[in-house]
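Below are the chains, spelled out letter by letter.
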Amino acid sequence: MIHKFYGKLSNSEKAIRQGLMYIKKPLKKREGMLFDMSKCDFHKFWMKNTYIPLDVIFLNSNLKIIGYVTNNQPLSLQSISINKKSRYILELNANRVNKFNIRINHYIEFYIT
C-alpha cells in the first residue's frame, strides 16, 4: 500500500535540527515534514521545543516504512527511535498512523511543497 503526503523536505543539518520546533498550529490532514538523513543509520529524534504531538515514521532508502513511534508528546526530551537503520524520517500530526492505517512494509509517496 502507498500513502501520499506532502510538505517540506529537511535535508541540511540546520533544517533537520529545526524540524517542526516552535510550530504551534497542527499540520493539515496529509501534511508532514520529511527528513533526509543522507545515510542509513540508527537515527534518534526528540520533541524539544515542539508544541504539537507527532507520529514519527522511519523509512528505508526506498521510502518503505520500517517502523514508527506514535503520539509523541509535545516538549518531551525522551528519545524517539526504532531498533533499525533508516534513511528518511517522516513527521505527521499524532494519530495519523492509526487514522490512515499506516503499517510496516507500506510505502510513502511524498510531494515537496
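Further up the page is the structure itself.
This section reports on the structure supplied with the text.

About the thresholds
- Starting afresh in each chain, residues are numbered from 1 along the sequence in its written order.
- Only residues with pLDDT of at least 70 are given local features in this predicted model, and only at 80 or more are side-chain atom pairs given and counted; all residues enter the totals for whole chains, interfaces and linings.
- Side-chain numbers come from the whole structure's heavy atoms, not from hydrogens or water.
- Comment: elements are numbered from the N terminus, with helices defined as DSSP H or I runs of at least four residues and strands as E runs of at least two.
- Every radius of gyration here is taken over C-alpha atoms, with the globule rule written as 2.2 Å times N^0.38, N being the number of residues.
- Under the scheme applied here, a residue whose accessible area is under 20% of the maximum for its type counts as buried, over 50% as exposed, and between as partly exposed, the area being computed with a 1.4 Å probe on protein chains only.
- What makes two strands pair is DSSP finding at least two bridges between them.
- A fitted line through C-alpha atoms serves as each axis, taken over the contacting stretch for helices, and the angle formed by two N-to-C directions is quoted from 0 to 180°.
- Definition of nonpolar core: a set of buried residues of the types Ala, Val, Leu, Ile, Met, Phe, Trp, Tyr and Cys, connected through side-chain atoms within 4.5 Å.
- Here a residue-residue contact requires only that any non-hydrogen atoms of the pair lie within 4.5 Å.
- Put plainly, a pocket is an open set of points on a 1 Å grid over the protein atoms alone with protein on both sides within 12 Å along at least five of seven lines, a cavity is a set where a 1.4 Å probe fits but cannot get out, and a lining residue has an atom within 4 Å of a point.
- Grid points are joined across faces, edges and corners, and a volume is the space filled by probe spheres set on the points.
- Here the nonpolar group is Ala, Val, Leu, Ile, Met, Phe, Trp, Tyr, Cys and Pro; Asp, Glu, Lys and Arg are the charged ones; every other residue, Gly included, is treated as polar.
- Stacked, tilted and edge-to-face are the three classes assigned to paired rings of Phe, Tyr and Trp, where Trp is represented by its six-membered ring and a pair needs centres within 6.5 Å; plane angles under 30 degrees give stacked, over 60 edge-to-face, the rest tilted.

## So, the overall build of the protein
Logical step 1: Scanning the protein from terminus to terminus reveals two helices and six strands.
Logical step 2: Across the protein, helices and strands are ordered from the amino to the carboxyl terminus as β-α-β-β-β-β-α-β.
Logical step 3: Relative to the 2.2 N^0.38 estimate, which gives 13 Å for 113 residues, the radius of gyration of the protein is 12 Å and therefore close to what a compact globule would have.
Logical step 4: Judged by the C-alpha coordinates and their principal axes, the protein covers about 30 × 30 × 25 Å.
Logical step 5: Burial analysis of the protein (113 residues in total) assigns 42% to the buried set.

## A short note on the sheet that holds strand E5 (residues 86-93)
Logical step 1: Taken in spatial order, the six strands line up as E4-E3-E5-E2-E1-E6 in an open sheet, and their pairing is mixed. Of all strands in the sheet, those with a lone pairing partner are strand E4 (65-72) and strand E6 (107-112), marking the two edges. Adjacent strand axes in the sheet meet at a mean angle of 35 degrees, parallel and antiparallel pairs treated alike.

## Let's talk about the nonpolar core
Logical step 1: Core analysis: the biggest nonpolar cluster contains 15 residues, and Phe35, Phe45, Phe58, Ile80 and Ile89 have the highest contact counts within it.
Logical step 2: Filtering out sequence-adjacent residues up to four positions away, Phe35 remains in contact with Ser10, Ala15, Ile16, Gly19, Phe45, Arg87, Tyr88, Ile89 and Glu91.
Logical step 3: One finds Leu34, Ile65, Leu90 and Leu92 within the second-largest nonpolar core, a separate group that totals 14 residues.

## Things to note about the layout of surface pockets
Logical step 1: Taken as a whole, the largest pocket holds about 270 Å³ of empty space.
Logical step 2: Lining the largest pocket are 18 residues, with Ile16, Arg17, Lys44, Phe45 and Trp46 positioned closest to its centre.
Logical step 3: Secondary structure elements with two or more residues in the lining of the largest pocket: helix H1 (13-18) and strand E2 (31-41).
Logical step 4: In terms of residue count, H1 provides more of the lining of the largest pocket than any other element does, three residues in total.
Logical step 5: Residues of the lining of the largest pocket, tallied by class, amount to 10 nonpolar, four polar and four charged.

## Details of the packing of aromatic side chains
Logical step 1: In the structure shown here, the tally under the stated rule is two aromatic pairs.
Logical step 2: Centroid distance Phe5 to Phe100: 5.7 Å. Interplanar angle 70 degrees. Geometry classified as edge-to-face. Remark: Phe100 occurs in the loop between helix H2 (96-99) and E6 and Phe5 occurs in strand E1 (residues 2-10); sequence separation between them is 95 residues.
Logical step 3: On the basis of relative accessible area, Phe5 is assigned to the buried category, the value being 1%.
Logical step 4: Between Phe35 and Phe45 the ring centres are 4.9 Å apart and the planes differ by 80 degrees, which places this aromatic pair in the edge-to-face class.

By themselves, these are just geometric observations and shouldn't be taken as functional.
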